[in-house]
Amino acid sequence: MILDSIRLYHLRLPLVSPFETSFGRIDHKECILVEIHSGGLVGYGESSVERDPGYNYETVGTAWHIINEFVAPLILGQDIKDAAEFQSLVAGIRGHNLAKAGLEMALWDLLGKSEGVSLKQMLGGEREKVEVGVSIGIQETTSSLVRSVEGYIEQGYNRIKIKIKPGRDIEETSTIRNAFPDIPLQVDANSAYSLETSQVLKPLDDMDLLLIEQPLFEDDLWEHRKMQAQFKTPICLDESIISVRHARYALEMDACRIINIKPGRVGGLSQGLAIHNLCHQKNVPVWCGGMLETGIGRAANLALASLPGFSMPGDISASDRYFQQDITNEKFILNPDSTIEVPSGPGLGVTINEDALQHFTVDKIEIKS
Ligand code: OSB
Ligand code: MG
């Protein structure tokens, strides 16, 4: 497909409730919507960046710069037939995975639309609906956390993840475990501990958790290995796994026993697929993480999570868990069995609500060859 032009939209959507992690608190989700034009077709992708460099080093500003100045000139006017070709064109750009992944996603959408096949089919997905959970931010008090968990369980979520940080960890997790003895439960520290300070997490090992997500520094596979040796509970890596190579290193050194796959963090759906394939072959469970995506990124996550190796529920909640108004016409709804339907239309299988897009756009740019 010859890529004629690219439009970037800097979006800012109000969240239904603030989201707090060990690295900060937000009440709006910012990201970049990527729109690529080819002939008469339009493809959409989402760079799941945030405003601040808290989760990783990328931001709306860096992704805007990288796409505009470096990615776009490499691909505009080119005849690109698949994601592998896209990846080889941008291979010279170090890092900036979230930026690249937004463009790759838009390319998948375009290819799917031009061939009349869904992203799920293109990736080799098998499920019609996928099991999902909810990721709950740090709350004001432990009792408000209990109420929040209770609310999501009532809505039908059958897997709970709570965010932790030093000083807001053991009491919170044990209270939730005691209040909901049977609920599948996991915690996410977003790199808030060192190997030394992670010793306070030892009691988590007796709380029947599915996993402990990213306790230590993002660039530290080695100390995750040391920590895993001290814990029965599987460590799951998120931030640390930025490529297929890192997934292989982490598994070879036993730095984790489960991997959270976010297509953005690893540089695109094609890379998420490759990590899935590696883990599936080694019998390592994976699940699909989330970055509070709009309906565009959520559609892509659902398609990826429909692959057979995604054996644990994803952080892919219903649209109304995030936004009162999303930018897609389609809304994702939680089924009573804690699943969400995978879109089946061509490409991502979702359409843009132009009014909503205009309403939430704070900046936009068109790039031509
Ligand atoms: O670490 O998984 C994370 C959101 C933003 C940045 C990092 C993370 C998260 C979440 C939310 O946990 C998952 C979701 O999209 O529901
Ligand atoms: Mg995480």
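Bear in mind the structure is a predicted one, so any value in this text is a computation, not a measurement.

Asker: How should I be thinking about the domain arrangement of the chain in this particular structure?
Answerer: Interface size is commonly expressed as the accessible area that is lost once the parts come together. Assigned domains of the chain: these are domain 1 (5–116 + 352–368) and domain 2 (121–341). Computed over C-alpha atoms only, the centres of domain 1 and domain 2 are separated by 23 Å. Counting residues at the interface gives 37 residues for domain 1, matched by 43 residues for domain 2. Together, the buried faces of domain 1 and domain 2 total about 3,400 Å²; carbon and sulfur atoms form 64% of this surface. Linking domain 1 to domain 2 there are one salt bridge. At the boundary of domain 1 and domain 2, one finds 16 residue pairs in polar contact (both at pLDDT 80 or more). When contributions to the side of domain 1 that touches domain 2 are tallied by element, the ones reaching two or more residues are β1 (5–21), β2 (24–38), β3 (41–47), α2 (83–89), α3 (97–115) and α12 (354–360). Looking at the side of domain 1 that touches domain 2 residue by residue, the classes come out as 22 nonpolar, nine polar and six charged.

Asker: What exactly am I supposed to notice about the coordination of the magnesium ion (ligand 2) here?
Answerer: Ideal geometry at a metal centre gives angles of 109.5 degrees when four donors are arranged tetrahedrally and 90 or 180 degrees when six donors are arranged octahedrally. Within the protein, D188 (OD), E213 (OE) and D238 (OD) serve as the donor atoms for the magnesium ion (ligand 2), at 2.1 to 2.3 Å. Linear spacing of the donor residues for the magnesium ion (ligand 2) on their chain is D-x24-E-x24-D. Note that D188 is positioned in strand β7 (residues 185–188) and D238 in the loop between β9 (235–237) and α8 (244–252), a separation of 50 residues in sequence. Here the two residues D188 and D238 agree in accessibility, since each one is buried.

Asker: Which parts of the structure should I look at to understand the side chain of K262?
Answerer: One can find K262 in the loop between β10 (258–261) and α9 (269–281). In terms of polar contacts, K262 uses its side chain to reach the backbone carbonyl oxygen of G290, at 3.4 Å. Once residues lying within four places of it in the same chain are set aside, the contact partners of K262 are Y55, D238, G289, G290 and M291.

Asker: Teacher, can you tell me more about α8 here?
Answerer: Structural remark: α-helix, 3.6 residues per turn; residues separated by three or four positions point the same way. Every buried residue of α8 is accounted for by H246, A247, A250 and L251. Buried positions in α8, seen along its axis, are confined to an arc of 130 degrees and lie on one side of it. For α8, the elements touching its buried residues are α7 (221–230), β9, β10 and α9. For α8, the side-chain oxygen to backbone nitrogen distance between the N-cap and R245 is 3.3 Å, and the N-cap itself is S243. Following α8 by one or two positions, D254 has its phi on the positive side, about 60 degrees.

Asker: How should I be thinking about the packing of aromatic side chains in this particular structure?
Answerer: Where two aromatic rings form a pair, the distance of their centres and the angle of their planes describe that pair. Enumeration according to the criterion identifies three aromatic pairs in this entry. Between F23 and Y55, the ring centres sit 6.4 Å apart and the planes meet at 55 degrees, which makes this aromatic pair tilted. Highlighted residues: F23 in the loop between β1 and β2 and Y55 in the loop between β3 and α1 (60–75), separated in sequence by 32 residues. Centre to centre, the rings of Y322 and F323 are 6.0 Å apart; their planes meet at 35 degrees, and the pair counts as tilted. Here K202 stacks its cationic end above the ring of F231, 5.1 Å away from the centre of that ring.

So, how was this worked out
- Residues numbered from 1 in each chain as written.
- Chains lettered and ligands numbered in written order.
- Predicted model: local features only at pLDDT ≥ 70, side-chain atom pairs only at ≥ 80, totals over all residues.
- Heavy atoms only, no water.
- Domains from an automatic or database assignment.
- Contact = heavy atoms within 4.5 Å.
- Buried area = accessible area lost by both parts, 1.4 Å probe.
- Salt bridge = Lys/Arg side-chain N within 4 Å of Asp/Glu carboxyl O.
- Polar contact = N/O pair within 3.5 Å; in protein donor to acceptor, adjacent residues only side chain to side chain.
- Helix = DSSP H or I, 4+ residues; strand = E, 2+ residues; numbered from the N terminus.
- Nonpolar A, V, L, I, M, F, W, Y, C, P; charged D, E, K, R; others polar.
- Donors = N, O, S within 2.8 Å, 3.2 Å for Na, K, Ca; no water.
- Buried < 20%, exposed > 50% of the residue type's maximum accessible area, 1.4 Å probe, protein only.
- Arc of directions from axis to C-beta.
- Phe/Tyr/Trp six-rings, centres within 6.5 Å; stacked < 30°, edge-to-face > 60°.
- Lys NZ or Arg CZ within 6 Å of the ring centre and 35° of its normal.

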